[in-house]
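One-letter residues, chain by chain:
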Amino acid sequence: MSNVISIHEIAAHLGEEVTVRGWVYDRTDKGKLQFIQVRDGSGIVQVVAYGPELPEDTFAAAGKLTQESSVIVRGVVKSNPKARKSIPEGFEIGLSELQVVQLADEYPITPKEHGVEFLMDNRHLWLRSSRQWAILRIRATIIKAMRDFMDDHGFLLVDTPILTPAAGENTTTLFEIDYHGEPAYLAQTGQLYNEANMMAFGKVYCFGPTFRAEKSKTRRHLQEFWMMEPEMAFTSLEELMALEEQLVAHIVSEVLRKHPDELRLIERDVTKLEAIKSPFARISYDEAVQRLQTAWAAMPEGEEKDSLKIEWGEDFGSPHETVLTGMFDVPVFVYHYPTAVKAFYMQPVEGRPEVCRSVDLLAPEGYGEITGGSERIYDGELLESRVETMGIGREAYAWYLDLRRFGSVPHAGFGIGLERTVAWVCGLPHVRETIPYARMLSRNYP
Ligand code: 4AD
Ligand code: MG
């Protein structure tokens, strides 16, 4: 069959006889009419089989199509405002020829409701559902927006290793592997290598999978997640925030521009996304704690109140971030966290070493941390004393300490978590749907 098209470009073929190759998403039997929703990965189109105008065997075959059967259909493209399930909306195909490639067995995932655990067990099939399709298309756009932004701002993509001899963040969430008889770890971050690369190229970023053996089951923790990490020479915390703000605003505007159909399909309130414009809010950790303590004092007694209790010096948990983000319509930067709760490489604030030049960006609507970054310690001796607290042999960090001996400079960088960003932009309650195959505390299948 000729004139094969992709459904997303159907508008350009109005009135033409075309061929579409794909899968039966749904079918409604109306006696002499069969309404077959066919998807090809780029969109969905309603294919109408009309009995009186078709050879008997073609119409009979249309009436036997099961969900997810693979088909090649041919017919004329028409516009029909009632074709509401089509993506793009309002187009249908009047069936003239049908080839059944494979008649699918009874499909486990039907348009009725299923439990999340069942859907996650069938993730390899769930991916075909329109909601998952929309989310993963938005994910791809976010990745492209991130990379384009960095490329357009003078950053060079330099890849960092996944198999590493030392911890990059902390020693509590390491995945240890056997590297030919020696211990090695899956990368928690590309940052330390980024710092070496930054001294070679000025402004760099890496973008890859990172691994954390998180012992907690939360709606925002994965064992394997993707992170983009920029690193810049001669850069302050304030300059870092300015860059993050532009990046995040760019990501959101690209999703709004490219995905009105997908955002409608997942019922995202786009007014919340349209509000994401610079300037973002900026508050210190000190101010955040004060605001939280005030909010806490005003709360009625109960579990929620208990989970929100905080003393200066403690790290924020999800409940704290949720309350803080509720105070703003835009993302909020929280800077100068206590040194004790942050990673070993963060530069202490001058004259006040109990806090450090760190910044987290919290996404609105309760989403919380999507980026973490800081100025890095650039004094060799101070860094060496911090490395010692890691409890992994200093030899594993010798190369990293070298960077402070050969042209050390003030520098800064951050990491933005892809799945948390997708969850926020799509308005999802959990990160598990933001990645094709989620790796969680109790899930490593499929
Ligand atoms: O705050 P984190 O741990 O920072 C770093 O790894 C730094 N080395 C980054 C840097 O400065 N180059 O992680 C950065 C981001 C978090 O803000 C969060 O979005 C995401 O990575 N993230 C996770 N996402 C999903 N599951 C997890 N277990 C995550 N841990 C961190
Ligand atoms: Mg963090």
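One can find the structure itself at the top, above this paragraph.
On a predicted model such as this, the values are computed, not experimentally measured, just so you know.

The rules we used
Residues numbered from 1 in each chain as written. Chains lettered and ligands numbered in written order. Predicted model: local features only at pLDDT ≥ 70, side-chain atom pairs only at ≥ 80, totals over all residues. Heavy atoms only, no water. Salt bridge = Lys/Arg side-chain N within 4 Å of Asp/Glu carboxyl O. Helix = DSSP H or I, 4+ residues; strand = E, 2+ residues; numbered from the N terminus. Core = buried A, V, L, I, M, F, W, Y, C linked by side-chain atoms within 4.5 Å. Buried < 20%, exposed > 50% of the residue type's maximum accessible area, 1.4 Å probe, protein only. Contact = heavy atoms within 4.5 Å. Pairing = 2+ DSSP bridges. Axes fitted to C-alpha atoms, helices over the stretch in contact; angles between N-to-C directions. Parallel < 35°, antiparallel > 145°, perpendicular 65-115°, else oblique. Left-handed = near helix turned anticlockwise from the far one by under 90°. Nonpolar A, V, L, I, M, F, W, Y, C, P; charged D, E, K, R; others polar.

Colleague: In this structure, what is going on with the pattern of salt bridges? I would like to understand it.
Modeller: Opposite charge on two side chains allows them to pair when their charged atoms are near. In total, this model carries 29 salt bridges according to the counting rule given. Among the salt bridges present, the one from E384 reaches R394, with a minimum N-O distance of 2.6 Å. Residue E384 is located in helix α12 (residues 380-388), and its partner R394 is located in the loop between α12 and α13 (398-402); the two are separated by 10 residues in the primary sequence. Through salt bridges with shared partners, a single network forms among R84, E89, D261 and R264.

Colleague: Can you walk me through the nonpolar core in this structure?
Modeller: Nonpolar side chains tend toward joint burial in soluble globular proteins. Counting residues in each nonpolar core, the largest one holds 76 residues, and the members touching the most others are I142, F316 and W424. Aside from chain neighbours lying at most four places away, what touches F316 is Y285, A288, V289, L292, I310, E321, L324, V334 and Y337. In terms of nonpolar packing, the next biggest core, distinct from the first, is built from 22 residues, V18, V47, L54 and V71 among them.

Colleague: I tried to follow the sheet that holds strand β18 (residues 411-417) on my own but got confused; where do I start?
Modeller: Sheet strands associate in pairs through backbone hydrogen bonding, adopting either a parallel or an antiparallel arrangement. If you walk across this open sheet you meet the 8 strands as β6-β10-β11-β18-β17-β16-β13-β12, and the pairing is mixed. In this open sheet, the two strands that pair with only one neighbour each are β6 (156-157) and β12 (281-284). Strand contacts of helix α5 (residues 191-201): β6, β10 (203-211), β11 (224-233) and β18, with the helix running at about 35° to β11, the strand carrying the most contacts. Packing of helix α9 (residues 285-297) onto the sheet brings it into contact with β12 and β13 (332-335), and relative to β12 it is tilted by some 90°.

Colleague: Help me out: how do you make sense of the packing of helix α4 (residues 130-152) against helix α14 (residues 418-426) in this one?
Modeller: Angle between the axes and distance between the axes: these two values describe a pair of packed helices. It is at 10 Å that the axes of α4 and α14 come closest, and there the two elements cross at 120°. The angle between the axes of α4 and α14 places the two elements in the oblique class. At the point where α4 passes α14, the crossing takes the right-handed sense. Touching I135, I138, R139, I142, I143 and M146 of α4 are L418, E419, T421, V422, V425 and C426, all from α14. Of the residues that constitute the contact of α4 with α14, the class distribution is 9 nonpolar, 1 polar and 2 charged.

Colleague: Please clarify how α14 should be interpreted in this entry.
Modeller: Given 3.6 residues per helical turn, the α-helix brings residues three or four places apart onto the same face. Within α14, 9 of the 9 residues are buried, leaving the element largely enclosed by the surrounding structure. Listed in full, the buried residues belonging to α14 are L418, E419, R420, T421, V422, A423, W424, V425 and C426. G427, located one to two residues past α14, shows a positive phi value of around 70°.

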